[in-house]
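# Reading the structure
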Amino acid sequence: MLAGAAGAGLVSRLVEPSVAAELEAKKKQVLIVLLNGGLSQFESFDPKPKTDTGGPFRAIPTSVPGTHFSELLPYTAQQAHRLAVVRSVFAEEVPGSHAAARDYVETGRSPVLGSYPLLGPVYSKLLAGKTDLPGNIHITPSRGGPRADAAFLGPQHASIALTNGDAPRNVDRPAMFSADADEARYHLRDLADLRFSQRRRTAYSEAYHSSYDRAMQLIRRKDLFDVAQEPAKDQDRYGTHDFGRHCLLARRLLSEGVTCVKITHSNYDSHMENFNFHLEQLGEFDRPFSTLLSDLDERGMLANTLVVLLTEFGRTPKIMPDLGRDHYQKSWSVVLGGCGIQPGGVLGKTNANGTEIAERPVHVGDMWHTYLQAVGLDSRGTHDDRNKIPLAAPERAPVKELLS
Amino acid sequence: MNFGTDLAPALPYPRLRSPAMPPASLRRCVALLLSALAAWNGAAQKSSALDGPLHVAIDRQIAAALPKFKLKQTAERADDAEFLRRVTLDLTGVIPTADEVRAFTADKSPDKRTSLIDRLLASDEYARHLAVVFDVMLMERRPDEHVTSSEWRDYLAASFRQNKPLDALIREILLSDGLDPATRPAAKFVLDRDAVHDTLVRDIGRLFLGVDLQCAQCHDHPTVTDYRHLHYYGLHVFLAGTKLYRLPSGDKQMGLQEEVVREATFASVFDPDVQNKTGPRLMDAPAMDVPTFKVGEEYVEKPSSKTRAVPKFSLRKALAESLPRSETREFSRNMANRLWAHLMGRGLVQPLDMHHSANPPSHPELLALLADEFAAMKFDVRRFFREIALSDAYQRSSLAPPGVSPDAMPEESYALANFKGLGPEPLFASLIRATGNELTLERQLDEATKAATDDAARTKARAAERDKRVKEFTDLFGSSAGTPEGEFQASLPQALFLANAESIAVWLAPQHDNLTARLQKRSQPEQIAEEAYLSILSRSPTPEEVAAVQKHLSGKVGDVLAIEQLVWSLIASSEFRLNH
């Protein structure tokens with residue numbers, strides 16, 4: 001049992017081989033890109049040129065006739081046919097600014113309601129495929145403490161952080177253990193567990209054993225995190241700056257079968273110099289993101305990979321002194337693509353100068369339902385293991401127009 | 001007023017009817033009522049209804065329920081080593097030393113288990129461990145805000161050292177406004193939640209009443225019909241006036257103040273046009289009558305930007321007086337269930353914060369009995385733990401009887417000992433003890449704090465240094481902030497840490513007279529096996545295990561790598577990771 005569990009995925013252990021194959025074939029994956037700090041909708045997906053709020057940038061045509069993005073996104077504009085843009089996302093204001101607003105967007109629940117799991121852990125739990133790879137990897141730009149993002153789902157589903165795209169912590173063996181010596185100590189450990197498990201309940205020891213198994217697999221597969229092993233040509237296409245490397249790393253991880261990969265791109269919090277800020281940040285974002293999107297499509301992965309482009313809130317229509325824009329939760333844009341999403345459209349509308357939603361307001365809680373539905377999960381369901389908590393806010397609903 | 005004792009569960013707090021009365025006399029009147037109530041409480045406190053010890057009654061109930069689980073037998077009594085490890089971990093948060101295992105297993109006295117339980121309960125380690133257990137239970141790993149963890153844990157440890165009744169402890173926690181330095185640590189519960197009302201309502205509901213009203217904040221609970229929007233807001237009113245107050249001391253220290261709020265208005269998000277109202281209430285009890293004052297005369301100290309608001313009648317005080325006591329059935333039931341779960345590995349109601357009719361206890365009569373008896377012993381935690389620990393149910397082996405599949409013995413039957421994962425703090429302390437590094441750690445702390453100028457500074461610095469090392473464990477093995485420690489889970493980062501981290505490797509390397517160093521000096525594999533197993537797994541190895549060690553060490557006696565592999569394999573084993 002212990003040895004047999006090593007290589008086999010969870011799916012294949014629990015169901016018939018033929019069914020398992022089918023499930024594996026349909027395995028859904030998710031790419032989340034978080035534009036941290038609050039992307040300006042005006043400088044991206046909902047431009048308002050030549051208005052009092054629109055700022056200096058032009059709107060440019062996209063690959064979808066009639067749809068325009070800001071000129072800061074020339075490459076992403078050519079991907080518009082693969083994307084669905086929602087221009088009328090809103091949330092109630094929450095105390096605590098960025099972190100709380102991010103929680104609102106990533107949990108679909110107002111943070112005043114307490115801790116709920118973020119998207120990654122939920123996908124990790126509900127879409128878990130192969131157990132030998134982490135279900136939820138977060139590529140973060142800078143060093144931060146471990147982010148416990150799984151709430152009541154527990155540490156098993158918390159994200160594995162790749163700080164600045166580096167391999168996870170503790171993936172290197174201690175100096176004293178060579179590969180062979182390592183094998184020997186795991187073998188001894190397994191023997192101890194085998195003896196302990198006789199005539200005892202095995203659920204905990206199996207879970208514990210499997211965590212070492214996965215650790216061992218990961219130690220062997222450290223190359224998974226080594227973006228330098230991607231072809232030089234691709235490294236050029238994505239660019240050598242951090243976000244480019246991180247997007248290429250995301251492609252590598254998704255191609256290897258990791259269920260949910262999240263990339264955080266910082267920082268869009270432009271209380272001053274909004275326009276220069278966005279020129280610089282989106283200049284970094286635009287090409288790698290669009291390259292990743294088209295690569296996923298060309299590799300046939302986009303049909304099974306949901307792409308979610310998030311930010312915690314939009315920015316004010318009013319341009320402040322020092323050319324900044326402040327936080328705005330009355331309306332902003334969210335972009336989706338890939339698995340389960342009706343591409344090529346724009347949903348919702350803001351008024352002429354972007355101060356109000358004019359058509360089809362979509363609450364962040366509705367979006368959260370949609371993120372689950374898009375990958376075939378019933379967002380009306382409940383978490384199974386504790387307190388029957390609804391997966392998504394029960395008073396909210398999936399956005400049907402976005403779903404294919 | 002009707003304070004009939006049998007009505008107590010329906011009337012869990014005083015109904016104070018005091019229409020327009022001069023404030024001074026009213027204050028006196030309230031004080032009188034509360035003291036009368038306290039006296040009545042004493043009288044109403046039922047003494048035990050049992051004719052024998054509680055632990056015997058526990059076993060009677062567990063045995064009576066066996067047919068319900070289709071069981072004819074239970075596991076055998078745990079052997080001495082298994083029992084010693086379990087009870088030492090549960091009551092003091094660390095595994096026993098190898099010497100303690102040797103002494104206990106060699107002890108021939110018939111009442112040695114009872115003596116051990118009493119000795120552990122009387123130890124300082126018990127008080128300090130319970131401080132950790134209650135810190136984790138009540139603060140759920142929230143980062144420090146206004147009161148430091150060390151002040152709070154010192155306060156909790158002092159409380160458990162003097163065996164403060166649990167109702168009194170919770171009363172202090174709800175009551176403290178953070179002004180008096182002596183009781184300020186108790187205010188951490190409210191202060192470190194920034195006195196945010198919704199957070200307080202949820203956590204007081206879950207932790208003190210055993211009801212998770214989170215999903216009843218915006219509407220009646222969608223799947224638990226017992227949990228209603230009204231319950232949420234009834235509890236909310238008690239806290240709605242409580243706010244942070246910056247103390248004038250000038251160091252930005254916060255205390256609590258209270259404005260006068262007497263009712264809540266709420267509407268379901270599904271039915272936003274229907275406005276509902278409630279006064280302060282605890283679950284299904286009727287709303288509490290509170291004294292009314294003329295407008296402008298509600299305060300001892302009116303709210304202003306300069307002063308701390310102090311109402312003539314404090315609803316938070318009313319909550320502190322009415323919630324933690326035997327008449328609030330939800331309270332005694334919840335606390336009895338939580339303490340039971342601490343020792344027995346699972347609550348009679350599980351999850352611990354989901355007491356409701358569609359989630360009945362595994363043993364309804366036993367839970368009722370435990371709640372009654374815990375109240376009858378005046379919420380004496382030591383006495384309560386002692387009774388549970390004396391029960392056969394607690395002292396059973398985790399090894400299923402020969403021929404019976406452990407999977408046929410459900411956890412909620414308590415016919416087989418349940419596993420508990422070691423929490424981060426016990427895991428750290430046990431790892432240090434198992435690898436024989438307690439002295440090494442002391443030396444490290446000495447070294448890191450040698451710059452300290454006086455004893456007080458040194459004590460503080462040493463605690464901080466130790467905390468720094470424990471923090472690696474709490475970050476990885478603890479629950480995330482604001483969520484309860486759930487069932488045992490094993491994550492990939494945990495395994496990578498235990499397998500590869502420098503901070504684990506350092507304890508495995510031979511130094512001073514730690515375990516690896518001692519084993520390295522021994523020449524007989526049998527002795528090495530004996531010492532390693534006693535130190536790490538708190539038992540002697542079986543002949544089969546001795547043989548495995550012999551095989552592993554053949555030709556490698558004295559080889560540090562082989563010793564480290566052996567030590568690590570036992571540290572990383574399920575048997576070490578679990579309290580079994």
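Residues numbered from 1 in each chain as written. Chains lettered and ligands numbered in written order. Predicted model: local features only at pLDDT ≥ 70, side-chain atom pairs only at ≥ 80, totals over all residues.

### Looking at the overall build of chain B
The following threshold applies: Working definition: helices are DSSP H or I runs of at least four residues, strands are E runs of at least two. Numbering for both runs from the N terminus. Note on method: radius of gyration uses C-alpha positions; expected globular size equals 2.2 Å times residues raised to 0.38. By the convention adopted here, residues are in contact when the distance between their C-beta atoms, placed from the backbone, does not exceed 7 Å.
When its secondary structure is counted, chain B shows 25 helices and 8 strands. What you see for chain B is a C-alpha radius of gyration of 26 Å, in line with the 25 Å of a compact globule of 580 residues. Along the longest, intermediate and shortest principal axes, the C-alpha atoms of chain B span 90 × 65 × 50 Å. Contacts in chain B between residues far apart in sequence, at least 24 positions, make up 67% of those at least 6 positions apart.

### Some points on the overall build of chain A
Inclusion rule: Working definition of burial: number of other C-beta atoms within 10 Å of the residue's own, with buried at 20 or more, exposed at 12 or fewer, and partly exposed in between, all C-beta atoms being placed from the backbone.
On a plain count of helices and strands, chain A comes out with 11 helices and 15 strands. The proportion of buried residues among the 404 residues of chain A is 54%. Here the contacts in chain A between residues at least 6 apart in sequence split such that 69% fall between residues at least 24 apart.

### Concerning the pairing of strand S7 (residues 260-266) of chain A
Within a regular beta strand, the side chains point alternately toward one face of the sheet and then the other, so they alternate between its two faces. Residues and elements named next belong to chain A. Put simply, the rule reads: Pairing between two strands requires that DSSP report at least two bridges joining them.
With 6 of 7 residues buried, S7 is to be regarded as a mostly interior element. With 7 bridges joining them, strand S1 (residues 29-36) and S7 adopt parallel strand pairing. Bridge pairing in S7 places Val-30 opposite Cys-260. Note that strand S5 (residues 136-140) and S7 share 4 bridges and pair parallel.

### Comments concerning unusual backbone geometry
Of note, the amide linkage connecting Ser266(A) to Asn267(A) takes the cis form, showing an omega dihedral of 5°. Going from Gln350(B) to Pro351(B), the amide bond is cis rather than trans, its omega being -5°. Positive phi, normally seen in glycine, also occurs at Glu273(A), with a value near 50°. Secondary-structure assignment places Glu273(A) in the loop between S7 and helix H10 (274-298). Taking the number of C-beta atoms within 10 Å as the measure of exposure, Glu273(A) has 14 and is therefore partly exposed.

### Focus: the nonpolar core
In plain terms, the rule: What we call a nonpolar core is a set of buried Ala, Val, Leu, Ile, Met, Phe, Trp, Tyr and Cys residues whose membership is set by joining through C-beta atoms within 7 Å.
Formed by 248 residues in total, the largest nonpolar core has its most connected members in Ala250(A) and Val261(A). In this structure, Ala150(A), Ala151(A), Leu153(A) and Ala158(A) belong to the second largest nonpolar core, which totals 6 residues.

### Some points on the pairing of strand S8 (residues 305-311) of chain A
Residues and elements named next belong to chain A. Counting buried residues along S8, 7 of its 7 residues qualify, which places the element largely inside the surrounding structure. On S8, burial covers both faces: Thr-305, Val-307, Leu-309 and Thr-311 on one face and Leu-306, Val-308 and Leu-310 on the other are all buried. Two strands pair when backbone bridges link them, and S1 and S8 are joined in this way by 7 bridges, in the parallel orientation. Note on S8: the bridge partner recorded for Leu-31 is Val-307.

### Re helix H7 (residues 203-220) of chain A
Under the convention used in this document: What a helix is expected to span follows from its residue count: subtract one and scale by 1.5 Å.
Along its 18 residues, H7(A) runs 26 Å from first to last C-alpha, staying within 8% of the 26 Å computed at 1.5 Å per residue. When we look at burial in H7(A), the residues that qualify are Tyr204(A), Ser205(A), Tyr208(A), His209(A), Ser210(A), Ser211(A), Tyr212(A), Asp213(A), Arg214(A), Ala215(A) and Leu218(A). Considering only its buried residues, H7(A) is in contact with helix H6 (179-197) of chain A together with helix H19 (492-500), helix H25 (574-577) and strand S8 (578-579) of chain B.

### Side note on the interface of chain A and chain B
Counted only if it meets this: Side-chain classes are defined by residue name, with Ala, Val, Leu, Ile, Met, Phe, Trp, Tyr, Cys and Pro counting as nonpolar, Asp, Glu, Lys and Arg as charged, and the others, Gly among them, as polar.
Listed per partner, the contact involves 54 residues of chain A and 56 residues of chain B. Of all elements in the fold, only H6 and H7 of chain A reach the threshold of two or more residues within the side of chain A that touches chain B. If one sorts the elements of the side of chain A that touches chain B by residue count, H6(A) sits on top with 10 residues. When the residues that make up the side of chain A that touches chain B are grouped by side-chain class, the tally is 30 nonpolar, 10 polar and 14 charged.

### Looking at the environment of Leu578(B)
Secondary-structure assignment places Leu578(B) in strand S8. Counting along the chain gives 119 residues from Leu578(B) to Thr459(B), while the straight-line C-alpha distance between them is 31 Å. When residues no more than four places from it in sequence are discounted, the contact partners of Leu578(B) are Tyr204(A), Phe419(B), Lys420(B) and Gly421(B).

### Quick notes on the environment of Arg383(B)
Structurally, Arg383(B) can be placed in helix H15 (residues 381-390). Spatially, the C-alpha atoms of Arg383(B) and Asn163(B) are 9.4 Å apart, while their sequence positions differ by 220 residues.

### A word on the packing of helix H9 (residues 242-256) of chain A against H10(A)
Residues and elements named next belong to chain A. Here is the rule: Axis definition: a line fit to C-alpha positions, over the contact stretch in the case of helices; interaxial angles, taken between N-to-C directions, run 0 to 180 degrees. Here the angle decides the label: under 35 degrees means roughly parallel, over 145 means roughly antiparallel, 65 to 115 means roughly perpendicular, and every other value means oblique. Here is the rule for handedness: rotate from the far helix to the near one, and if that takes an anticlockwise turn smaller than a right angle the crossing is left-handed, while a clockwise turn gives right-handed.
Packing of H9 against H10 leaves a shortest axis separation of 9 Å and a crossing angle of 15°. As the angle between them shows, H9 and H10 are arranged roughly parallel. Handedness of the crossing formed by H9 with H10: right-handed. From H9, Phe-243, Gly-244, Cys-247, Ala-250 and Arg-251 reach across to H10, where they touch Glu-284, Phe-285, Pro-288, Phe-289, Thr-291, Leu-292 and Asp-295. Of the residues that constitute the contact of H9 with H10, the class distribution is 7 nonpolar, 2 polar and 3 charged.

### Some points on the confidence of the model for chain A
Our working definition: Known as pLDDT, the predictor's confidence for each residue is given on a scale from 0 to 100.
Chain-level pLDDT for chain A is 89 on average; 90% of the residues reach the 70-or-more range. The model gives residues 1-22 of chain A a pLDDT under 50, and that stretch makes 21 contacts with residues more than four places away or in other chains.

### Regarding helix H16 (residues 424-434) of chain B
For H16(B), a buried count of 11 out of 11 residues is recorded, marking the element as mostly surrounded by other parts of the structure. Within H16(B), burial applies to Pro424(B), Glu425(B), Pro426(B), Leu427(B), Phe428(B), Ala429(B), Ser430(B), Leu431(B), Ile432(B), Arg433(B) and Ala434(B).

### Looking at the confidence of the model for chain B
All names here are of chain B. Predicted confidence across chain B gives a mean pLDDT of 90, with 92% of residues reaching 70 or more. Note that residues 1-23 has pLDDT below 50 and, in this model, 39 contacts with residues that lie over four places away or in other chains. Below pLDDT 50 for its whole length, residues 36-44 participates in 5 contacts with residues either more than four positions away or in separate chains. Here the predicted complex carries an ipTM of 0.88, next to a pTM of 0.86.

### Observations concerning the packing of H6(A) against helix H24 (residues 560-571) of chain B
Where H6(A) contacts H24(B), the two axes come as close as 8 Å, and the packing angle between them is 40°. With respect to each other, H6(A) and H24(B) are oriented oblique. The two elements H6(A) and H24(B) cross, and the hand of that crossing is right-handed. Contacts from Ala181(A), Ala184(A), Arg185(A), Leu188(A), Arg189(A) and Ala192(A) in H6(A) reach Leu561(B), Gln565(B), Leu566(B), Trp568(B), Ser569(B) and Leu570(B) in H24(B). When grouped by side-chain class, the residues that make up the contact of H6(A) with H24(B) number 8 nonpolar, 2 polar and 2 charged.

### A short note on the environment of Tyr104(A)
Following the sequence through the fold, Tyr104(A) ends up in helix H4 (residues 97-107). Aside from chain neighbours lying at most four places away, what touches Tyr104(A) is Ala91(A), Val94(A), Ser110(A), Pro111(A) and Val364(A).

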